[in-house]
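If you want the building blocks of each chain, they are given just below.
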Amino acid sequence: TMDADTVEPMDSAYSLTPEELAAAVEACGGQAWRATQIGQWLYGGRVERWDAMTNVAAALRQALAARLRDLDGTARVREAAEEGGGTTKLLLDLHDGEMIETVIIPARDRATVCVSSQVGCAFHCAFCASGLHGVTRSLACGEIVAQAVRAAQRIGSRPDNIVFMGIGEPFANYDAVLKAARLMNDPRGLGIGARKITISTCGVVPGIARLAGEGTQFELSVSLHAPTQALREKLMPVASQWPLEALMAACRDYTARTNRIITFEYTLVAGFNDGPEHARALIALLKGLKCRVNLIPLNPVAEFAGKTPDPRVCEVFLACLERAGVNTTLRRSKGRGVNASCGQLRHRSLRDRNDP
Ligand code: SAH
């Protein structure tokens, strides 16, 4: 068991592994097995108050409440905005006044929850609203897990899929992200299959290398967006830090070590990366690599001059990849509302706050 002092005061219950929760219960004078009941309240019952755990002794509840952050204070829903296609964006308040976004995307009888990993983003991809305000801080594990719990409350059941495609770069917050993914996966936590949890990176090479050695079954998604270094640099400053060649070497090493498929995200920008020559360059780049490609027509943002390609251009790009045997999907995006993409709801909220 852990020493009582190693549990940081005022951390969230959602930051603790089942073993750490048991240690916190013992440090509060309870028996370790009580943590199983508490875990059921946290992840199954999704209660927002320690007092709601009716089969837990009042003294233990109070001791835990004094030691850990309020259950509803970890990521409190400030606003829920319903977009087209049934998508719901949750704007969440954190304990220090910061805000993040979580998106619920329903598809048939399933729900995918898109979680944020940081408050803002440091990577400044040209077309992405998340980087407009820079990065303030990384999220704690509990703030990531709590997003999935808040979404589950809203959906009324456990999410089917989790994607780390909200605000922030997951591999710039590696430890908290991996711990959160493990807690979402743990049957004593949210119990979501590892292959239903996708971690998406803009191309942070050391993170890819590290994930390859974890022995986990989480899905890896790489935001590629361009088939050449010159083009990629124009969209993504991260390409100067970790060039395309190093990124692809890390991806090939990842698939070799894990025997897993990588998904490459490719945002189509009209007249920029959506031509047949780009499709051919992409096919050459991915040759022999176990992967699939997910094409995303650009979601327009006011701060980026690029345009969404004509749907026919997207279909031609798709057909070109398919003919070459590249497993490809084209996201025919729903919810092209004003706030539909990544970081846009938070962006609007911050802008209104600073400039009412
Ligand atoms: N930082 C991570 C995860 C967050 S972004 C990453 O870059 O992968 C999730 C995906 O949405 C990325 O592929 C990103 O490039 C894409 N995206 C962001 N803004 C977009 C926009 N305006 N239109 C289309 N895709 C966008």
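Quick look at the structure, then. Once a new chain begins, its residue numbering starts again from 1 and follows that chain's sequence as written. Restriction of local features to residues with pLDDT of at least 70 applies here, the model being predicted, together with a cutoff of 80 or more for giving and counting side-chain atom pairs; totals for whole chains, interfaces and linings are based on all residues. Heavy atoms throughout the structure, all of them, feed into the side-chain values; hydrogens and water do not.

**A closer look at the side chain of Gln118**
Item 1. The numbering of helices and of strands both runs from the N terminus, where a helix is a DSSP run of H or I of at least 4 residues and a strand a run of E of at least 2. Note that Gln118 resides in strand S5 (residues 118-120).
Item 2. Pairs of residues are marked as contacts when any of their non-hydrogen atoms sit within 4.5 Å. The contact partners of Gln118, leaving out residues within four places of it in the chain, are Ile100, Val135, Arg137, Ser138, Leu139, Ile167, Gly168, Glu169, Ala172 and Asn173.

**Side note on the packing of helix H1 (residues 18-27) against helix H2 (residues 34-45)**
Item 1. Running from N to C, H1 and H2 point in directions that differ by 120°, and their axes come no closer than 9 Å. H2 is crossed by H1, and the crossing has right-handed handedness. Residues Leu21, Ala22 and Val25 of H1 form the contact with H2, whose own contacting residues are Arg34, Ala35, Ile38, Gly39 and Leu42.
Item 2. Charged means Asp, Glu, Lys or Arg here, nonpolar means Ala, Val, Leu, Ile, Met, Phe, Trp, Tyr, Cys or Pro, and polar covers whatever is left, Gly included. Considering only residue class, the contact of H1 with H2 consists of six nonpolar, one polar and one charged. Here the axes come from fitting lines to C-alpha atoms, over the contacting stretch only for helices, and the angles between their N-to-C directions go from 0 to 180 degrees. Here a crossing is taken to be left-handed if its near helix is turned anticlockwise relative to the far helix by less than a right angle, and right-handed if that turn runs clockwise.

**Brief notes about the sheet that holds strand S7 (residues 161-164)**
Item 1. At least two bridges found by DSSP between two strands are what make those strands a pair. Spatially, ten strands are ordered S1-S2-S3-S4-S7-S8-S9-S10-S11-S12 in an open sheet, and the strand pairing comes out mixed. In the strand order of this sheet, the two ends are held by strand S1 (76-82) and strand S12 (327-330), each with one partner. Going across the sheet, the axis of each strand differs from the next one's by a mean of 20°, ignoring polarity.
Item 2. Inspection of the sheet shows strand S10 (residues 262-268) paired to strand S11 (residues 291-297) by seven bridges, in the parallel sense. In the strand pairing of S11, Phe264 is matched with Val293.
Item 3. Against the sheet, helix H5 (residues 174-185) engages S7 and strand S8 (197-201), with an angle of about 165° to S8.
Item 4. Against the sheet, helix H11 (residues 311-323) contacts S10, S11 and S12, and its axis sits at roughly 165° relative to S12.

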